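What follows is each chain in one-letter form.
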Amino acid sequence: MRQSESEEPKTKAEPNQTKGGAQMVVAFKVKKELKTELEASQAEYRWREEALRESKEAYRLLFENAGSAIIFYDPEGTCVLLNGEAANYLGGKPEDFIGKTIHDMLPGASHYYLQRFAKILNEGKGSAFEDMVELPGGEKRWFSSNLQPVKDERGNPTGVQIISQDISERKQAEEALQASELRYRHLFEELNDAAFLADVETGRILDTNKQGEMLIGCTRGEIIGMHQSKLHPAGKAEEYRQRFSAHIEKRRSADFDGEVMRRDGSIVPVSISATRVTIGGEQLLIGLFRDITERKQAQEALRQSEEKLKAYLESAPDGVYISDLKGTFLYGNKKAEEFIGYKREELIGKSFLKLRLLHAKDLIKAGKLLALNAMGKPTGPDEFELVRKDGTRIWTEMTTTPIKEEGGKVVVIGFVRDITERKQMQEQLMVADRLASIGELTAGITHEINNPLTSIIGFSDLLLSRDIPDDIREDLKIISKEAHRTTRIVRNLLTFARQHPPEKKASNVNDIIRTVLEVRAYEQKLNNIELDTRFQPDMPD
């Protein structure tokens, strides 16, 4: 029974054993599934952990290599994290600044940074600033900073993140540009000339200065927007428009004299200098206008003065010439043309040597005078014998003065006076003086001759009155005749030598001719000249 009893449970237990096995199978499957899920979960965890590590590494690399200074502060302004770029600007390593306050790190800027921190934490939104910051080493640099609140998962602010970019070079460039613009504006405004800045494409004036306002007689506001051609007289607007268009097309500077019209309609002469410039990427045309009224007036006065001087020179009674130090003629007036017989165009550009104006005996003297001129010394008056174009000669008196022109070039201005008549008169006076001397000598000689002649005539006449042989008588007649002829000659010489006041009286022409012939008889005899005289017998006395 016990056995049977013991077997009965076995028989009854079979279904339980079957159920338990099923449960074990189910459990096994569940365990396997759980293991699979666990392994998958572990794999995902490891993947996520690796992704997180990679993300952290990527963030670290980004943090360290951002090229900007990045610092995290807690709400009290204590540094909790910063990158190497920030540490470099602060003069150390990142670990040197962790736990330090902003006051420790940037004592000169801490007060306004803390104010910004408080505002950002209260408002919960970021802001951007540009500041000049004095770094611990004393260097001052410009930074563009972006401040953003750091929040936890519930959105509560836990600190402030600062990302700062060094913009010192940009600021320096901006300051340089600003200074340049200020200098340009100052220069533009303080120019002595009127300046107009116009658009190349439209020709509209974009700006002007005080001198521009004064020149045109309009305010800057009235000038700006005006077309540049309106600056000029209405009748010449198209001419100036074409001038500037040609200047723009050829891309070169313009420099010429022109005119502008003022608001009141008056015309002002100006010197215009224009050129293309690029400002802010725009092609502009800047024109400088200088009022040349005084210069034009001076030029006109000079022109009139030159015209007067030219008229004076052309009407001068003396010859006037201008030459260089080599004797090459640069100018000659009308009288100079008359003196030498050359036209002005034949004279200019040629030297006195080439034209052979001087007698050979005067060439050395002329060279010496030019040498004196080269030393800045005037010469004259000096006498020269000029050879005219037709070969005739005239005597001149010449005075020269060296003049230094602009640029240091020396020219010679010469004044030439025709003294031919004076020379002839001087020669005549010399002849007259010689004749006067001869007359005085003749008077003395004739006085001495008359005494023996008187004796000869007297004694010959006395002998002729006596009874003498015929042959002797003939000889005495010849002696008496020649003595009388000598007496007449001496009388004529005395008449020639003595000065008498002019006197008009009736004379017989035949007698005058006979007297002259008697005076010239000896000379005629020496030259074997025999005159056959036939006088009109009925000539009136």
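Residues numbered from 1 in each chain as written. Predicted model: local features only at pLDDT ≥ 70, side-chain atom pairs only at ≥ 80, totals over all residues. Heavy atoms only, no water.

(A) Molecular detail of the sheet that holds strand S10 (residues 282-291). If you trace the 5 strands from one edge of the open sheet to the other, you get S7-S6-S10-S9-S8, paired in antiparallel fashion. Only two strands of the sheet have a single partner each, and these edge strands are strand S7 (205-208) and strand S8 (254-261). Direction aside, neighbouring strands of the sheet carry axes that sit 30° apart on average. The sheet contact formed by strand S6 (residues 194-199) and S10 spans 6 bridges and is antiparallel. Counted as the bridge partner of alanine 194 is phenylalanine 289 from S10. Contacts between helix H6 (residues 168-190) and the sheet are confined to S6, S7 and S10, with S7 contributing the most and set at about 80° to the helix. In the packing of helix H10 (residues 293-314) onto the sheet, the strands contacted are S8, strand S9 (267-279) and S10, and the crossing angle to S9 comes to about 130°. (Pairing = 2+ DSSP bridges. Helix = DSSP H or I, 4+ residues; strand = E, 2+ residues; numbered from the N terminus. Axes fitted to C-alpha atoms, helices over the stretch in contact; angles between N-to-C directions. Contact = heavy atoms within 4.5 Å.)

(B) Just the layout of surface pockets, in detail. The volume enclosed by the largest pocket comes to roughly 300 Å³. Surrounding the largest pocket, Glu306, Leu309, Lys310, Leu313, Ile322, Tyr331, Ile403, Glu405, Val411, Val412 and Ile413 form its lining. Of all the elements in the fold, those that place two or more residues in the lining of the largest pocket are H10 and strand S15 (410-418). Sorting elements by how many residues they give to the lining of the largest pocket places H10 first, with 4 residues. (1 Å grid on protein atoms, 1.4 Å probe; cavity = no way out; pocket = protein on both sides within 12 Å on 5 of 7 lines; lining within 4 Å. Points joined across faces, edges and corners; volume = space filled by probe spheres on them.)

(C) Structural detail: a negative patch on the surface. There is a patch of like negative charges on the surface, built from Asp467, Asp470, Asp471 and Asp475. Among the structural elements, aspartate 470 can be located in helix H16 (residues 470-497). Residue class for aspartate 470 comes out exposed when judged on its relative accessible area of 61%. (Patch = residues over 30% accessible without salt bridge, like charges linked within 9 Å, V, L, I, M, F, W, Y side chains within 5 Å. Areas by Shrake-Rupley, 256 points an atom, 1.4 Å probe, with all protein chains shown as cover. Salt bridge = Lys/Arg side-chain N within 4 Å of Asp/Glu carboxyl O. Lys, Arg positive; Asp, Glu negative; His and termini not counted. Charge placed at Lys NZ, Arg CZ, Asp CG, Glu CD. Buried < 20%, exposed > 50% of the residue type's maximum accessible area, 1.4 Å probe, protein only.)

(D) Highlighting the sheet that holds strand S11 (residues 319-323). Overall, antiparallel pairing links the 5 strands, which are arranged S12-S11-S15-S14-S13 in an open sheet. Looking along the sheet, the strands with just one partner apiece sit at the ends: strand S12 (329-332) and strand S13 (379-387). Each neighbouring strand pair of the sheet contributes to a mean axis angle of 30°, computed without reference to strand direction. Pairing of S11 with S12, which is carried by 3 bridges, proceeds in the antiparallel orientation. From the neighbouring strand, isoleucine 322 faces S12, where its bridge partner is tyrosine 331. Taken strand by strand, helix H14 (residues 363-374) contacts S13, strand S14 (393-404) and S15, and its axis lies near 145° from that of S13.

Read these as geometric descriptors, not functional statements.
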